[in-house]
Amino acid sequence: MEELTMRKISRHELYTLEHYDRIRADFRRRVMAHKKNRRLPVGPHATLYFEDTLTMHYQVQEMLRAERIFDARGIQDELDAYNPLIPDGTNWKATFMIEFDDPDERRLQLARLVGIENRVWMKADNQDCVFPIADEDLERATEEKTSSVHFLRFDLDDEMIRVLKGGAPMAAGIDHPAYCYTVDPVPEDIRLSLLNDLD
């Protein structure tokens, strides 16, 4: 499979259920190694998982396997669901997870963290912070609580892309009254991986 991280997945690239069953262990190892450079913890309880073609290819294959989907319509439905989560060359797309092991603590914190999904930011060098467009597919929060999972899109302007490609350091953070953390700089392996998402 071509390694361009922002290319959408086409149906002919997917493995049949039978073939995927044979290669699944090796494919999973490859994806897990790739994901290490696309996972960015922000503070102790929030993590950004940046998506790309390979992570979504894996997600689609796992869904087809779990649901035993092999008909053309079902396969297309999965592609239609996951292809929008692949970056377009001028943005980053991430699954944002708020993680508390204890269910009671999680409930309490999700009530305190309403709106946190809109307060995550990415930054290049001394440029302005870029805040995301959150949950374009469906509303995941209410006035009483936020969700533990959100999908974020960070749109970057030409200047930010130019600066990043020129080697500028990258920072990330969350600026919410109940949760304020900064990662500065973003680790180099993650920075280099995210550069691959940009045209």
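What this report covers is the structure whose coordinates are included nearby. (Residues numbered from 1 in each chain as written. Predicted model: local features only at pLDDT ≥ 70, side-chain atom pairs only at ≥ 80, totals over all residues. Heavy atoms only, no water.)

## Observations regarding the sheet that holds strand E7 (residues 170-176)
Line of reasoning, step 1. Spatially, the three strands line up as an open sheet ordered E4-E7-E8, and their pairing is antiparallel. Every other strand in the sheet has two partners, leaving strand E4 (120-124) and strand E8 (179-183) as the edge strands with one partner each. Strand after strand, the sheet turns through a mean of 15 degrees between neighbouring axes, direction not considered.
Line of reasoning, step 2. As paired elements, E7 and E8 share five bridges and run antiparallel to each other. Counterpart to Ala172 in the pairing with E8 is Val183.
Line of reasoning, step 3. This element, helix H5 (residues 158-165), spans E4 and E7 of the sheet and lies at about 60 degrees to E4. (Pairing = 2+ DSSP bridges. Helix = DSSP H or I, 4+ residues; strand = E, 2+ residues; numbered from the N terminus. Axes fitted to C-alpha atoms, helices over the stretch in contact; angles between N-to-C directions. Contact = heavy atoms within 4.5 Å.)

## Things to note about the environment of Lys165
Line of reasoning, step 1. Mapped onto the secondary structure, Lys165 falls in helix H5.
Line of reasoning, step 2. A relative accessible area of 45% places Lys165 in the partly exposed class.
Line of reasoning, step 3. For Lys165 and Asp199, which are 34 residues apart along the polypeptide, the C-alpha to C-alpha distance reads 9.6 Å.
Line of reasoning, step 4. Each residue touching Lys165, except ones within four places of it in the same chain, is listed here: Leu195, Leu198 and Asp199. (Buried < 20%, exposed > 50% of the residue type's maximum accessible area, 1.4 Å probe, protein only.)

## Examining the state of the cysteines
Line of reasoning, step 1. Inspection of the entire model under this criterion finds zero disulfides.
Line of reasoning, step 2. Free cysteine Cys129: the closest other cysteine sulfur is in Cys180, separated by 11 Å. (Disulfide = S-S within 2.5 Å.)

## Looking at the sheet that holds strand E6 (residues 149-155)
Line of reasoning, step 1. Ordered in space as E1-E2-E3-E6-E5, the five strands form an open sheet in which the pairing is antiparallel. Each end of this open sheet is capped by a strand with a single partner; those strands are strand E1 (39-41) and strand E5 (133-134).
Line of reasoning, step 2. Two strands pair when backbone bridges link them, and E5 and E6 are joined in this way by two bridges, in the antiparallel orientation. What sits directly across from Ala134, in E6, is Leu152.

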